[in-house]
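Listed here are the chains, written in short residue letters.
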Number of protein chains: 2
Amino acid sequence: MVESTTTIYDVARVAGVSMATVSRVVNGNANVKEKTRQKVLDAIAELDYRPNAVARGLASKRTTTVGVILPTITSTYFAAIARGVDDIASMYKYNMILANSDNDVEKEEKVLETFLSKQVDGIVYMGSTLDEKVRLALKNARTPVVLVGTIDGDKELASVNIDYHLSAYQATTKLVNSGNKKIAYIMGSLKDAENTERMVGYQEALIEAGIEFDEGLVFEGNYSYEQGRALAERLLEKGVTAAVVAQDTTAVGLLSALMEKGINVPEDFEIIAGANSPITQYTYPRMTSVNQPLYDLGAVAMRLLTKLMLKEEVDENQLVLDHEIISRHSTK
Amino acid sequence: MVESTTTIYDVARVAGVSMATVSRVVNGNANVKEKTRQKVLDAIAELDYRPNAVARGLASKRTTTVGVILPTITSTYFAAIARGVDDIASMYKYNMILANSDNDVEKEEKVLETFLSKQVDGIVYMGSTLDEKVRLALKNARTPVVLVGTIDGDKELASVNIDYHLSAYQATTKLVNSGNKKIAYIMGSLKDAENTERMVGYQEALIEAGIEFDEGLVFEGNYSYEQGRALAERLLEKGVTAAVVAQDTTAVGLLSALMEKGINVPEDFEIIAGANSPITQYTYPRMTSVNQPLYDLGAVAMRLLTKLMLKEEVDENQLVLDHEIISRHSTK
DNA sequence: TTGTATGCGTTATCAG
DNA sequence: CTGATAACGCATACAA
């Protein structure tokens, strides 16, 4: 158990071959006689040799590591996506360096810098807002990047999303059809392309139903549970009877505050959550929700990234996955 | 924008100094004249030079990266801990390679192997069960390891936990005091040291209250929401009127199934959740829960790991953080 | 099929 | 205070 790192040279010596040969068998190169391969394998086992990935990375310029940046891993939304990323990543033998950005531009820039210095082979970026500085940094990086749940207006960066415009239209229409006249929409910052798309979908649905658009019924959510709770009163005051809430935690907060006020959901108030993360099913009543294929968003993004990293042909780098609205018990 | 990786040599040439000097200023070595330092800094800025962390890692044998292995990041429980780890890690300039193990021993071994080959400076391990093979691998690693929310019976590995025995005793006693005679305990596998500790605390509380221990009221949970739901009926059949549920998601499942059956919580059935992850507060009614300082568990673990990595003095490597029971509305 | 030699981009030792 | 120069552990082009 003295162990001073055993290197490829040690293996070569014990196996009676050159280090190049050892390297070949370690890397599965076919040009090795079966007999020598076995000798090397034996020596590796005997010495308990483990290739040094850092040295390998320096020599090959590939680290088999991807950087993943997201607002916060404590969000079930991002956690689900990250899980999809990791599963595909490990399937392709990549590891994932994960960093929380809290949607803070400075942190994002710093993390990006670190990722690049660590020579990650690719980057997966999630963030509601795509700041212009970050967008440029991402674009200029000589490392493949895939955005998830984040829209690059210029469509220069590869991305995987759902059709936010359509989902907003559908959710709003569903609430219109069950008789609601005053429908609120709670979404993230309107500076994000994703939310302007939602806004348009919302407006279209209203117009189609002959309902006048009221700017006062659109709220910028901040992803917090507490905000959802706080919103309950304001919505009630305005006579709102239904709401689409893009952020699940906020939707759950709203629901819980309404229930505590004795408002019947869905009889007196309908809610549609926006991402169908697990928590929407942990509430009582369970919430109707737009089902974003979170895991798949991550999985598909990572798969796309592998292609980019391996310089494979990619015909379309703006991927849009299907969503659906799952009716549970927070709508009629 | 042609950019073929600019190295320390390029900077040296432009600054008119040797690479050694560049290395010094990059690493904040004091032995550099202010004037030359400025020249180097200018050259770095001009060339947009970024140190290659891989080369640095090979030369210095330090990667400023720690490996984090956990069952699944989609669990709010582990996600909260991971957030604590990452915050402290980045505070100390470390990055986090995250890997999901699904509590699968083979995956754990494989991940561990990968972490070591990537030369991580330290490892944070979370997993309900600590398999003997994994325990040995961890113990033999020449890399510092800290367990979180995981008990090593031999106390050889550093760890950060709460007092599971005490928390079980307190939760059970609370339910006893509000008049319950049939109290169920739903916890993870009894093969885990953590849960045998809980079991003892549970039994002690019952004995103290003169209530006979009934093995049939102890269930092995599997962390799923669905299992919580399924358990509702069985508990009711047995005449159980209260339960301590170590896993939050299972507790939430149980609560929702009871509510749907028209059982009043807490009037007819009391529940205490075991980890106070955010979802326990998203339910209606909000759940009384043992509050494990999840974020702190991660933060303290990472802090401890930094000490181990820097070979600082550590007087105690078996850390126990305080917990509390937060009374909300799923208990009387 | 195998071996030799060189380079990857730093850190670190040792002179000066 | 600064500059050569030797590792670091491996991949790989080139020879044999």
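Residues numbered from 1 in each chain as written. Chains lettered and ligands numbered in written order. Predicted model: local features only at pLDDT ≥ 70, side-chain atom pairs only at ≥ 80, totals over all residues. Heavy atoms only, no water.

The test is simple: UniProt positions are given in the numbering used here, feature names are shortened, and annotations may be inferred rather than shown by experiment.
By the naming in an unreviewed UniProt entry, chain A goes by Catabolite control protein A and is assigned to Lactococcus taiwanensis. A UniProt comment under Function (unreviewed entry) is attached to chain A, and it reads "Global transcriptional regulator of carbon catabolite repression (CCR) and carbon catabolite activation (CCA), which ensures optimal energy usage under diverse conditions."

### With respect to unusual backbone geometry
The general pattern is negative phi for most residues beyond glycine and trans for most peptide bonds. Residue and element names in this part refer to chain A. Filter applied, for reference: Helix and strand assignments follow DSSP, with helices taken as H or I runs no shorter than four residues and strands as E runs no shorter than two, numbered in order from the N terminus.
With an omega dihedral of 10°, the bond running from V265 to P266 counts as a cis peptide bond. Along the chain, P266 turns up in the loop between α11 (248-260) and β9 (270-273). Positive phi values are uncommon outside glycine, yet D102 reaches one of about 55°. Relative to the helices and strands, D102 resides in the loop between β2 (95-100) and α6 (105-117).

### Let's talk about the relation of the copies chain A and chain B
This is how the line gets drawn: We superpose the copies by least squares over the C-alpha atoms of residues that have a pLDDT of at least 70 in both of them.
Mapping chain A onto chain B calls for a screw motion: a turn of 180° about the axis and a shift of 0.0 Å along it, with 0.1 Å RMSD after fitting. Expressed as an axis order, the relation between the two copies is that of a two-fold axis. Proximity to the rotation axis, assessed at the C-alpha, singles out I97(A) in chain A; its C-alpha lies 2.1 Å from the axis.

### Overview of the protein's contact with DNA strand D
Definition in use: By convention in these notes, a residue is near a molecule or strand provided one of its non-hydrogen atoms lies within 4 Å of it. Under the rule applied, a polar contact is a pair of N or O atoms within 3.5 Å (in protein, one hydrogen donor and one hydrogen acceptor; residues adjacent in sequence only if both atoms are side-chain atoms). Each residue is assigned to one of three groups, with Ala, Val, Leu, Ile, Met, Phe, Trp, Tyr, Cys and Pro labelled nonpolar, Asp, Glu, Lys and Arg labelled charged, and all others, Gly among them, labelled polar.
Lining the immediate environment of DNA strand D, one finds 28 residues, of which I8(A), S23(A), Y49(A), T21(B) and R24(B) sit closest. Restricting the count to atoms of DNA strand D within 4 Å of the protein gives a sugar and phosphate share of 62%. Taking A55(A), its main chain carries an N or O atom lying 3.4 Å from a base nitrogen of DNA strand D. Between DNA strand D and the protein, one listed contact pairs a phosphate oxygen with a side-chain N or O atom of R56(A) at 2.8 Å. Counting only elements with at least two residues in the surface near DNA strand D, the list comes to α1 (8-15), α2 (19-26) and α4 (53-60) of chain A together with α2 (19-26) and α4 (53-60) of chain B. Here the residues of the surface near DNA strand D are counted per class, giving 14 nonpolar, ten polar and four charged.

### Section: the sheet that holds strand β1 (residues 65-70) of chain B
Going by this rule: Strand pairing follows a simple DSSP-based rule, namely that at least 2 bridges must link the two strands. Axis definition: a line fit to C-alpha positions, over the contact stretch in the case of helices; interaxial angles, taken between N-to-C directions, run 0 to 180 degrees. Any pair of residues with heavy atoms lying within 4.5 Å of one another is described as a contacting pair.
Ordered by their spatial adjacency, twelve strands build an open sheet running β11(A)-β5(A)-β4(A)-β3(A)-β1(A)-β2(A)-β2(B)-β1(B)-β3(B)-β4(B)-β5(B)-β11(B), and the pairing between neighbours is mixed. Since the sheet does not close on itself, it has two edges, and those belong to β11 (318-321) of chain A together with β11 (318-321) of chain B, each with one partner. When strand polarity is set aside, the average angle formed by the axes of neighbouring strands in this sheet is 20°. Strand direction decides the pairing type here: strand β4 (residues 145-148) of chain A and strand β5 (residues 158-162) of chain A, joined by three bridges, are parallel. What sits directly across from V146(A), in β5(A), is A158(A). Contacting β1 (65-70), β2 and β3 (122-126) of chain A together with β2 (95-100) of chain B, α6(A) crosses the sheet at an angle of about 175° to β1(A).

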